[in-house]
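This is what each chain is made of:
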2 protein chains.
Amino acid sequence: MRFLFQLLVITCLTHTSNSLFSAEQRNVLILFSDNQNWNDCGCYGNQIVKTPNIDQLAREGTRYEQAFATTASCGPCRGVFYTGLHVHANGQYGHPHGDHNFRLKPKVKTIFSLLAQNHYRTGMIGKYHLFPEDTTIDFKPKINGYRVQGMADLADDFLKQKSDQPFFLVMGFHDPHPTSRTQPEWGVKVKEQGMALETYDPDSITVPSYLPDRPEVRQGLAGYYQQISYMDTAVGRILQSLKAAGKADNTLVIFTSDHGSSEPGAMANHYEPGVRIPFIVRNPKLKQESAGVVSDSLVSLLDVTPTILDWTNTKGPKYPLHGRSVLPTVGKTNTPGWDETFLSHVFHEVTMYYPMRTIRTRDFKLIWNLEWRSKYPLPIDTLSRATWNETLRLQEPLLGQRTVKKFLFRDEVELYDLKNDPDEVINLACQPEFQAVRKTLSEKLLKHLEQTDDLWLKQYTLPVSCNTTAADQQSEYKSLFNGRDLTGWTLKRANRKGYHVEEGKLICPAEGGGFLFTEHEYSDFSLKFDFKLTKGANNGIAVRCPLVDQRPAYAGIEIQVLDNKGYPKKLKPTQYHGSVYDVIPAKRGALKPAGEWNHEEIIYRGSQITVIVNDIPVLRTDLAKITDAEILTKHPGLKNRRGHIGLLGHGSHVEYKNILIKEF
Amino acid sequence: MRFLFQLLVITCLTHTSNSLFSAEQRNVLILFSDNQNWNDCGCYGNQIVKTPNIDQLAREGTRYEQAFATTASCGPCRGVFYTGLHVHANGQYGHPHGDHNFRLKPKVKTIFSLLAQNHYRTGMIGKYHLFPEDTTIDFKPKINGYRVQGMADLADDFLKQKSDQPFFLVMGFHDPHPTSRTQPEWGVKVKEQGMALETYDPDSITVPSYLPDRPEVRQGLAGYYQQISYMDTAVGRILQSLKAAGKADNTLVIFTSDHGSSEPGAMANHYEPGVRIPFIVRNPKLKQESAGVVSDSLVSLLDVTPTILDWTNTKGPKYPLHGRSVLPTVGKTNTPGWDETFLSHVFHEVTMYYPMRTIRTRDFKLIWNLEWRSKYPLPIDTLSRATWNETLRLQEPLLGQRTVKKFLFRDEVELYDLKNDPDEVINLACQPEFQAVRKTLSEKLLKHLEQTDDLWLKQYTLPVSCNTTAADQQSEYKSLFNGRDLTGWTLKRANRKGYHVEEGKLICPAEGGGFLFTEHEYSDFSLKFDFKLTKGANNGIAVRCPLVDQRPAYAGIEIQVLDNKGYPKKLKPTQYHGSVYDVIPAKRGALKPAGEWNHEEIIYRGSQITVIVNDIPVLRTDLAKITDAEILTKHPGLKNRRGHIGLLGHGSHVEYKNILIKEF
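Residues numbered from 1 in each chain as written. Chains lettered and ligands numbered in written order. Predicted model: local features only at pLDDT ≥ 70, side-chain atom pairs only at ≥ 80, totals over all residues. Heavy atoms only, no water.

**Section: the packing of aromatic side chains**
At step 1: In this structure the tally under the stated criterion is 55 aromatic pairs over all chains.
At step 2: Judged by centre distance (4.7 Å) and plane angle (40 degrees), the rings of Phe102 of chain A and Phe347 of chain A are tilted. Taken together, the positions of Phe102 of chain A in the loop between helix 4 (87–90) and helix 5 (111–117) and Phe347 of chain A in strand 9 (residues 340–347) put the pair 245 residues apart, joining distant regions of the chain.
At step 3: On the basis of relative accessible area, Phe347 of chain A is assigned to the buried category, the value being 0%.
At step 4: Arranged with centres 5.4 Å apart and planes meeting at 35 degrees, the rings of Phe139 of chain B and Phe158 of chain B form a pair that is tilted. Of this pair, Phe139 of chain B sits in the loop between strand 3 (121–126) and helix 6 (148–160) while Phe158 of chain B sits in helix 6, and the two are 19 residues apart along the sequence. Neither residue differs from the other here; Phe139 of chain B and Phe158 of chain B are each classed as buried.
At step 5: An aromatic cluster of three or more residues is present, and its members are Tyr93, Phe102, Phe347, Tyr353 and Trp456 of chain A together with Tyr93, Phe102, Phe347, Tyr353 and Trp456 of chain B.
At step 6: Lying over the aromatic face of Trp311 of chain A, Arg26 of chain A brings its terminal NZ or CZ to 3.8 Å of the ring centre.
At step 7: A cation sits over an aromatic face here: Arg385 of chain A above Trp186 of chain A, 5.9 Å from the ring centre. (Phe/Tyr/Trp six-rings, centres within 6.5 Å; stacked < 30°, edge-to-face > 60°. Helix = DSSP H or I, 4+ residues; strand = E, 2+ residues; numbered from the N terminus. Buried < 20%, exposed > 50% of the residue type's maximum accessible area, 1.4 Å probe, protein only. Lys NZ or Arg CZ within 6 Å of the ring centre and 35° of its normal.)

Here you go:
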């Protein structure tokens, strides 16, 4: 009779929920580790660290060899985990706590709130690390996430509770996250009664390739392993409680980690040690088939929320999620269509802005560093600890397999062949034979980012090839001076010794000079050059000038070249450096002291002339606006439409180099 | 009798509040303009724009010539305005709305909530632009901030309300903020009945120096002026309502703007057009003294909350505020101690991270661009509009008085002499005669940032001088090759033609070679050099080697130099480029194709040797760990503690340049 009633209720409720009062509840238990690298479990091949309970779970379930966090930062990663949305879309761009102050967007739903609508009893024990606090969670006792035995006891209470509702329980362990920002950096912080501590001999540890092999690193790893084993014990107890509560056969269990360790090269990176995580799923419906299976499907923490919705038959939010249920891949070694995953990072702390977007396939990883010009900001957890500090103190050139320099200053696009270069050191992004791969991966990545509402696409553009615009623009310039001789130049009024070439420089010696003109004529152009003055030096650049023996400043125009500060005589405003000589005065203060190299650009376009000295515009004028008849009569050259470019040596030592021209 | 009763009440309440039921209420009216440059009012000297009501307010009050927004971004600026805390401390780092999702920190109090505790009746009409919404505001009708007449009507309602409580009212105008991100970009959006529209002739406008003088800019300014005049009419009406309500004599009135216009160079910058704002205070207690006074005190929007707390005698929050009450400066031309102000910016939109910290004195401005390596991110409001788009389309080299390049790529520290360079173009930060100014200003700035809990100081360091660490480190290297001849080198086994120098390069010709050793010996060092290979080329670098005529790879050690891909014969692992020849193999894949320049660094320290090719570490080994007796016997040089460095030419054309050494 009671069963019949239940069946009726189920039938009535089936459109909104299949689980409430269901004869067979579909529960979920998440075991969530904190800062644990994928291969720091026995079942993932680590020969040192003891994780018997996680290994047992792997024997009973499916172990994923290629699982990923999409962002290697605690708070943001949890945003992804609990919402199924990328960090670039859910609002939890960085940490929620303290000064960082980030938060989920108001309209974003967490898996807790979605399950609450489906009448689930929800529990969150330990580290949650999101803002705002989720008010829909039924059971959220206060407990330090390092007190793993206390957490296991609370889980036992929760699992034992008599309820008609199915449950969703997350165990947010704080281990093996470092327990302090000073020494000792790792190791169990709060040893609870009745819990044994594994100890590891630092000397027996195999240091992973992304870290330097130094004593303080080994010590850190020994403590970190201790924390993993400590947490593993709690994992065993909780799974025992689940069994004792008679719920093992209808509870989906997932063990995973938020991201890799706090060591440099891992946390807050998109390199493998940062984002690759353990991921084990025990589906009680597939006990036989899935036991001990190792899956090569590429999954990510984006998939957790969709997986839970799928398993619990819960309605998702109105907006599409960015991951998908992994249930079809459970119990299978290969599943077609699970061959790539996408990662997205924005902040760690609010002072650590370093947006990255990444596509990871089986063979390749392409990382787009949107702020590649910036110095990579290490997370405070990394900055404050021994590995990094010793690296700096010892002035070590390397950090693991890459240089410290390359770790801090990254290429805009990084492309790695993971089979041949598992340490991700040799960037293939600009190698000709990998351009096709780069293009394909870039297109896939962009498509995914567009589909997932990546706001950053409005501000940044992924370069799909190595031909950057800057390089293109630079190549539009042609050299006027070959650095070896005066080919292409012709000398007028060669008083004294003229000009000569020395070590790639075109030199007007004090005893030399004259008018050294280009053989070609130019009309609209940008002329760039470097020049170095001696004290009080006087020279000039003729533009749109005929090949004259005298008065080029009148037959053409002359842009003054002059050491303003060192010039011994009083100057008129139109005699200072950069002026159109005798016509338009230039702004002063842009020149470097005599003896230093200056960079200048003269742009002549139509009647508009611009002179930029050391990136400071010193003159900008439209010569067509000169109406003073006296000036126009004195300077017929103001109306020239084309002419030669010339160096007007006046008997001072002046040096030029890198003389480039682009014609419009 | 009634008076006596009131007096009693006042006496009783005096410790918590002086204003409730006070015989003389002390009200506040804020008139808050949106994106208006300081000098775009008649009273600030603009000859074109008509602002009779603002001008009248200036005649009745004190007009500040040097008032500043601390951040030129709408949302963050309001965070500063309403809290009295810098953007780096209040949590409202960027915009609150939509995807940007920033918010005030939960513990930060707004002026509304502080006044509510002091029993004020608070009103906010128009644009608020903070998150979370302030639930303590009594009167907050929904109205579009461009409907200025509607806003004035609502203000009239609020001011007319009979109440024993004093009031605090903010009029958040949306004018002259651009009304659209496409054409027409400025101009009154919602013309209300009974409101006249000023029209301005684009041709009659004087384009300010920070903008290009082009038609679309003039059109934009004409519309922007129209919006200012439109808002000015509402200002007049609201001040009329205040008078009509009999409250003009006990209401402090402040007119100001959030920051400068949306044009490039203004919004989201710390340049004057971005941060300098109009600021007029009418203190009814100082009618006579202050009427028409122009103050040169440097004030900022940080001072608004403290000023209101002071005027209303309201208790501030528990934490210290970052500004101070301007009341002591009202009515005075000069007030000692008001000679500098501090600005702080973090974000505009969340994709536009560009932290800046600035000190502005009467004569100088020092801007610290924390992310100076990044490309300056223009706010979307600027990016999407005609001025910027035309600048790009025309490939204009300049934006106003600075280059587009310098606008986008800024120096880490900018120091401007505002008297001589009001356009802030000539950066004096590295000029020797301004180092003292730089140091003084830097120290003041740092002290202020420390006092105001600037989180960014944990991640960034302000360089107080031009001697950067990078330059220092570079200078520790000495050149081994002068680029002209072989001074300092000695040739052994000079088979064929040896080496020669050409255009600054040290060349081993195909028909030349031999062992070219440094005359000096080196022990622990970093050796850096550039090299270019021809196809299949074979060469080598001897290190810690005696001056031998043969077998330097055994008498010392040899780091292979070899074109891996082009070498015609089969190679052993220890023959590839970067290997310790015949001893330790190097990683492959770092070399560029033959004909391109490579950069290499060899670091030999104690027994540890590191080889880095093109920033990729290809070899890292501790030679002391070699225990194989056969190798040690064959290579006695492995144990050398010092020796010469040599180029080991093998009859292939190889070029070297920039050969530098640093000894440890």
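**Quick notes on the nonpolar core**
At step 1: In this structure, Ile541 of chain A together with Ile541 of chain B are the most contacted members of the largest nonpolar core, which totals 143 residues.
At step 2: The contacts of Ile541 of chain B, once residues within four sequence positions are left out, are Leu527, Phe529, Ile557, Glu558, Ile559, Val561, Ile602, Ile645, Gly646, Leu647, Leu648 and Tyr656 of chain B. (Core = buried A, V, L, I, M, F, W, Y, C linked by side-chain atoms within 4.5 Å. Contact = heavy atoms within 4.5 Å.)

**Overview of the state of the cysteines**
Residue and element names in this part refer to chain A.
At step 1: A full pass over the atoms with the stated rule returns two disulfides over all chains.
At step 2: Between the sulfur atoms of Cys430 and its disulfide mate Cys466 the distance is 1.6 Å. Of note, the bridge from Cys430 to Cys466 carries an S-S torsion of about -95 degrees and is left-handed in sense. One end of the pair, Cys430, is in the loop between strand 14 (413–417) and helix 14 (435–451); the other, Cys466, is in the loop between helix 14 and helix 15 (469–475), with 36 residues separating them in the sequence.
At step 3: In this structure Cys466 comes out as partly exposed when scored by relative accessible area, which is 24%.
At step 4: No disulfide involves Cys43; its sulfur sits 4.8 Å from the nearest other cysteine sulfur, which is in Cys41.
At step 5: Taking relative accessible area as the criterion, Cys43 reaches 17% and is therefore assigned buried.
At step 6: Free of any disulfide, Cys508 has its nearest neighbouring cysteine sulfur in Cys545, separated by 16 Å.
At step 7: Residue class for Cys508 comes out buried when judged on its relative accessible area of 0%. (Disulfide = S-S within 2.5 Å.)

**Here's the deal with unusual backbone geometry**
At step 1: With an omega dihedral of 0 degrees, the bond running from Asp175 of chain A to Pro176 of chain A counts as a cis peptide bond.
At step 2: Assignment of secondary structure puts Pro176 of chain A in the loop between strand 4 (167–172) and helix 7 (215–244).
At step 3: Phi angles above zero are rare outside glycine, and His119 of chain A is one such case at about 65 degrees.
At step 4: Within the fold, His119 of chain A resides in the loop between helix 5 and strand 3 (121–126).
At step 5: A residue is classified by how much of its surface remains accessible, and His119 of chain A, at 34% relative accessible area, is partly exposed.
At step 6: The phi angle at Glu503 of chain B is positive, at roughly 50 degrees, despite the residue not being glycine.
At step 7: Position of Glu503 of chain B among the secondary structure elements: in the loop between strand 17 (500–502) and strand 18 (505–508).
At step 8: Residue Glu503 of chain B is classed as exposed on the basis of its relative accessible area of 57%.

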